[in-house]
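Working through the structure, step by step
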Amino acid sequence: MRAVLISGGLALVLSLLGTPLFIRFLVKKQYGQFIRQDGPTAHFTKRGTPTMGGVVIILATLLGWAGASLVTGNVPSASAVLVLFLMTGLGIVGFLDDFIKISRQRSLGLRARWKIVGQGLVGITFAVAALQFPNENFRTPASTQISFIRDTGLDLAFAGATLGLILFVLWANFLITAWSNAVNLTDGLDGLATGVSLIVFGAYVIVCVWQSNQACQSILTVGPRCYETRDPLDLAVVAAAITGACFGFLWWNASPAKIFMGDTGSLALGGALAGLSILSRTEILAAIIGGLFVLIVLSDVIQIGFFKMTGKRVFKMAPLHHHFELSGWGEVTIVIRFWIIAGLFVAAGVGVYYAEWVVG
């Protein structure tokens, strides 16, 4: 538990103090946000605001986790390294996307096919590696079973190991792409994605700490409702580092934002959420905990689908937060209310998680 506190605290301090230094660097280099022309007109005033702040979130997370490991003497686990690899790898893809937008002064960055290739390479590497590295109890970081609160018994390897590996890679990459796009779509108002992310990752600190206390690998707690997660405490340390990094970054990202996280941050956070859900065996539960992200994605899907079928729009603009913006709601009002909704989803998810254990 000491490692969890150190990780979160160190990442918070590094992010809080490191962000203004990064802002000065970006301003000096004139690396500012390019605003899309079809967005809300109120956003034009944000043109030129430094972006790529996700670099700070990633670095603070890595250093917070590494610092906690050094102080406590914990040997890095395969699970923690895999989540951080996924987070950093997708962050690099996002960084390239952001850098192209800035350098060419356009709202489109990496071409879609190269973005897919980059995400695919990182996602496939993560998925294949997640089924390797068995520990002394023969548990690998991930499982080929689809999970809700724990493995459900619906095994993707029902027809053999090779097919199981292929299906798991496809399933994992679906989750990685879905969560990355979800956070990316949510990152449309000052502080919105950052605030929702710290709430969601904070919930995963609770989930993973609980799993650690009720792990099947401990002879003191082994029982019918124990958890098969390979390295739950190390996953809690990673989740705490991400939460702390988001807390520190939010100080500068809150309205009026001094810096945006950009695709660098949104893809990294989405990847980290996907990785945590897969390795903590809570893939479907994550859709409840991260319900606000899901809601925003659904608003975009509904808008596009309904428009293609009827030529009409359900919302004034998608994603959902822009609809309320064009309806006259203030930006800060939207962000705070969406944080409240995110908190309700997290409370519901953690409640379901605990209720399942109690009911047994």
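Look above for the structure.
First, a word on what this report is: a plain description of the structure on this page. (Residues numbered from 1 in each chain as written. Predicted model: local features only at pLDDT ≥ 70, side-chain atom pairs only at ≥ 80, totals over all residues. Heavy atoms only, no water.)

**Comments concerning the overall build of the chain**
Of the regular secondary structure elements, the chain holds 12 helices and 2 strands. Ordered by position from N to C terminus, the α and β elements of the chain give α-α-α-α-β-β-α-α-α-α-α-α-α-α. On C-alpha atoms alone, the chain measures out to a radius of gyration of 20 Å, which is about the 21 Å that the 2.2 N^0.38 rule sets for 360 residues. The C-alpha extent of the chain, read off along each of the three principal axes, is 60 × 50 × 35 Å. (Helix = DSSP H or I, 4+ residues; strand = E, 2+ residues; numbered from the N terminus. Rg over C-alpha atoms; globule rule 2.2 N^0.38 Å.)

**What to know about the packing of aromatic side chains**
In this structure the tally under the stated criterion is 10 aromatic pairs. Look at Phe 22 and Phe 25: their rings are 6.2 Å apart centre to centre, the planes differ by 20 degrees, and that puts the pair in the stacked class. Taken together, the residues span about one helical turn, with Phe 22 and Phe 25 both in helix α1 (residues 2–29) at a distance of 3 residues. Since its relative accessible area comes to 40%, Phe 25 is described here as partly exposed. Relative to Tyr 354, the ring of Trp 210 has its centre 5.7 Å away and its plane inclined at 75 degrees; by these criteria the two rings are edge-to-face. Of the two residues, Trp 210 sits in helix α6 (residues 192–213) while Tyr 354 sits in helix α12 (residues 331–359), which places them 144 residues apart along the sequence. Judged by its relative accessible area of 23%, Trp 210 falls in the partly exposed class. Joined through ring pairs, the aromatic side chains of Trp 210, Tyr 354 and Trp 357 make up one cluster. Above the plane of the ring of Trp 329 lies Arg 337, whose end atom (NZ or CZ) is 4.8 Å from the centre. (Phe/Tyr/Trp six-rings, centres within 6.5 Å; stacked < 30°, edge-to-face > 60°. Buried < 20%, exposed > 50% of the residue type's maximum accessible area, 1.4 Å probe, protein only. Lys NZ or Arg CZ within 6 Å of the ring centre and 35° of its normal.)

**Things to note about the nonpolar core**
Membership of the largest hydrophobic core comes to 93 residues, with the highest contact counts inside it found for Phe 168, Tyr 204, Leu 269 and Leu 279. Excluding residues that lie within four positions of it along the chain, Phe 168 makes contacts with Ala 127, Ala 130, Leu 131, Ala 142, Ser 143, Thr 144, Leu 156 and Ile 278. (Core = buried A, V, L, I, M, F, W, Y, C linked by side-chain atoms within 4.5 Å. Contact = heavy atoms within 4.5 Å.)

**Things to note about the side chain of Asn 173**
Note on placement: Asn 173 falls in helix α5 (residues 161–186). The residues touching Asn 173, leaving out its near neighbours within four places in the chain, are Gln 119, Gly 120, Gly 123, Ile 124 and Ala 127.

**Considerations on the pairing of strand β2 (residues 151–155)**
Of the pairings in the sheet, the one linking strand β1 (residues 145–147) to β2 comprises 3 bridges and is antiparallel in character. Looking at β2, one finds that Gln 145 is bridged to Asp 155. In this antiparallel pair of consecutive strands, β1 and β2, the connection spans 3 residues. (Pairing = 2+ DSSP bridges.)

**Some words on helix α2 (residues 54–72)**
The end-to-end C-alpha separation of α2 is 27 Å, in line with the 27 Å expected for 19 residues at 1.5 Å each. Residues of α2 that are buried in the fold lie against α1, α3 (78–104), α7 (232–253) and α8 (262–279). Gly 73 sits one or two positions beyond α2 and adopts a positive phi of about 75 degrees. (Expected span 1.5 Å × (residues − 1).)

**Some details on the state of the cysteines**
Applying the stated criterion across every chain, the model contains 1 disulfide. Residue Cys 216 pairs covalently with Cys 226 via a disulfide, S to S 1.9 Å. On the sign convention where negative means left-handed, the S-S torsion of about 95 degrees between Cys 216 and Cys 226 marks this disulfide as right-handed. With Cys 216 in the loop between α6 and α7 and Cys 226 in the loop between α6 and α7, the pair connects residues that are 10 residues apart, well separated along the chain. Taking the relative accessible area as the measure of exposure, Cys 216 reaches 11% and is therefore buried. A relative accessible area of 12% places Cys 226 in the buried class. Not engaged in a disulfide, the cysteine Cys 208 finds its nearest cysteine sulfur in Cys 216; these two sulfurs lie 15 Å apart. Of the cysteine sulfurs around Cys 246, a residue in no disulfide, the closest is that of Cys 208, at 15 Å. Under the relative-accessibility criterion, Cys 246 is labelled buried at 0%. (Disulfide = S-S within 2.5 Å.)

**Details of unusual backbone geometry**
With an omega of -5 degrees, the peptide bond running from Ser 255 to Pro 256 counts as cis. Non-glycine residue Met 52 carries a positive phi angle of around 70 degrees. Relative accessible area serves as the criterion here: at 2%, Met 52 is assigned to the buried category. Its identity is not glycine, yet Phe 133 carries a phi of approximately 55 degrees, on the positive side. Tracing the backbone through its elements, the reader meets Phe 133 in the loop between α4 (112–130) and β1.

**Regarding the pattern of salt bridges**
Applying the stated criterion to the full structure yields 8 salt bridges. Between Asp 97 and Lys 101 there is a salt bridge, with the nearest N and O atoms lying 3.4 Å from each other. In this pair, Asp 97 and Lys 101 both sit in helix α3, 4 residues apart, roughly one turn of the helix. Across the pair Glu 228 and Arg 139 runs a salt bridge whose closest N-O atoms are separated by 2.4 Å. Taken together, the positions of Glu 228 in the loop between α6 and α7 and Arg 139 in the loop between α4 and β1 put the pair 89 residues apart, joining distant regions of the chain. For Glu 228, a relative accessible area of 37% translates into the label partly exposed. Since its relative accessible area comes to 17%, Arg 139 is described here as buried. One network of salt bridges, with partners in common, ties together Asp 97, Lys 101, Lys 115 and Asp 263. (Salt bridge = Lys/Arg side-chain N within 4 Å of Asp/Glu carboxyl O.)

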